[in-house]
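What follows is each chain in one-letter form.
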Amino acid sequence: FFFNDTATTEIYTEQIVGSVRCVQETATTPIRKGSLKLTGSLGDVMQESIQIAYTYAKYICSQFFNNDFLETSDLHIHFPDGASKKDGPSAGVAITSSLLSLALNVQMEKEWAMTGEISLTGKVLKIGGVKEKMLAAKREGITNLIF
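About the cut-offs
Residues numbered from 1 in each chain as written. Predicted model: local features only at pLDDT ≥ 70, side-chain atom pairs only at ≥ 80, totals over all residues. Heavy atoms only, no water. Helix = DSSP H or I, 4+ residues; strand = E, 2+ residues; numbered from the N terminus. Buried < 20%, exposed > 50% of the residue type's maximum accessible area, 1.4 Å probe, protein only. Contact = heavy atoms within 4.5 Å. Areas by Shrake-Rupley, 256 points an atom, 1.4 Å probe, with all protein chains shown as cover. Core = buried A, V, L, I, M, F, W, Y, C linked by side-chain atoms within 4.5 Å. Expected span 1.5 Å × (residues − 1). Patch = residues over 30% accessible without salt bridge, like charges linked within 9 Å, V, L, I, M, F, W, Y side chains within 5 Å. Salt bridge = Lys/Arg side-chain N within 4 Å of Asp/Glu carboxyl O. Phe/Tyr/Trp six-rings, centres within 6.5 Å; stacked < 30°, edge-to-face > 60°.

## With respect to the overall build of the protein
Phase 1 of the analysis: When helices and strands are counted, the protein shows four helices and eight strands.
Phase 2 of the analysis: Listing the helices and strands of the protein from first to last along the sequence gives β-β-β-α-α-β-α-β-β-β-α-β.
Phase 3 of the analysis: The proportion of buried residues among the 147 residues of the protein is 39%.
Phase 4 of the analysis: When contacts within the protein are restricted to residue pairs at least 6 apart in sequence, those whose partners lie at least 24 apart make up 66%.
Phase 5 of the analysis: When the accessible surface of the protein is totalled, it reaches about 8400 Å², and 53% of it is carbon and sulfur.

What follows is the structure, encoded as structure tokens:
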């Protein structure tokens with residue numbers, strides 16, 4: 001994660017999905033209306049997963065941190081690399097964590113990898129491809145996994 005202290009706040013994450021590294025960029029604009037914009041080559045399931053992560057992260061911020069950052073900020077989440085479409089719910093936990101990191105201005109440790117679908121109530125749901133995801137994390141030298 002990289003933070004920028006200018007008028008636009010940015011967060012940059014890389015996720016390992018199977019053998020593919022997915023890059024996610026999240027930025028806020030100085031105009032504060034409270035909106036979410038998604039760009040990149042995203043399938044319907046991935047877009048829904050991002051919306052659920054956004055809803056749950058807003059809930060966590062308001063209930064546990066008295067933080068209205070996600071409610072009042074215009075967020076733009078972009079998944080670059082238009083050549084490969086991203087679809088599936090398994091990024092929900094990582095996206096929720098990224099949004100909370102951005103809202104709370106707390107950098108996440110790079111030694112962690114995470115995967116899992118998240119529900120509207122914050123439950124982490126079962127996912128497929130656990131073996132492949134663990135092997136990809138091992139190849140990257142990551143030993144702390146959340147799934």
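After presenting the structure, the write-up continues.
## A short note on unusual backbone geometry
Excluding glycine, residues mostly carry a negative phi; peptide bonds, for their part, are mostly trans.
Phase 1 of the analysis: With a phi close to 50°, N66 is a non-glycine residue in the positive phi region.
Phase 2 of the analysis: Take N66: it is sitting in the loop between helix 1 (44–64) and helix 2 (69–72).
Phase 3 of the analysis: In this model, N105 sits at a positive phi of 55°, which is unusual for a non-glycine residue.
Phase 4 of the analysis: For N105, the location among the structural elements is in the loop between helix 3 (92–104) and strand 5 (112–114).

## With respect to the nonpolar core
Phase 1 of the analysis: By size, the foremost hydrophobic cluster in this structure holds 22 residues, and its most contacted members are M46, I50, L70, L75, F79, I95 and L99.
Phase 2 of the analysis: Mapped onto this core, the elements with two or more residues apiece are helix 1, helix 2, strand 4 (74–79) and helix 3.
Phase 3 of the analysis: Take this core: its biggest share by element is eight residues, from helix 1.

## Points about helix 3
Phase 1 of the analysis: Between its terminal C-alpha atoms helix 3 stretches 18 Å, which fits the 18 Å expected from 13 residues at 1.5 Å a residue.
Phase 2 of the analysis: Taken across its 13 residues, helix 3 has 12 buried, putting it largely inside the fold.
Phase 3 of the analysis: Just downstream of helix 3 lies N105, where phi reads positive at about 55°.

## Side note on the environment of L102
Phase 1 of the analysis: In this structure, L102 sits in helix 3.
Phase 2 of the analysis: Between the C-alpha atoms of L102 and L70, which are 32 residues apart in sequence, the distance is 8.9 Å.

## Considerations on a nonpolar patch on the surface
Phase 1 of the analysis: There is a patch of nonpolar side chains on the surface, built from Y59, F64 and F65 and spanning about 350 Å² of accessible area.
Phase 2 of the analysis: The class of F65 is partly exposed, set by a relative accessible area of 46%.

## Quick word on the packing of aromatic side chains
Phase 1 of the analysis: Throughout the structure, instances matching the rule amount to two aromatic pairs.
Phase 2 of the analysis: With a centroid separation of 6.4 Å and 90° between ring planes, the pair formed by Y59 and F64 is classed as edge-to-face.
Phase 3 of the analysis: On the accessibility criterion, Y59 (41% relative accessible area) is partly exposed.
Phase 4 of the analysis: Each member of the aromatic cluster is reached from another via a ring pair, and the members are Y56, Y59 and F64.

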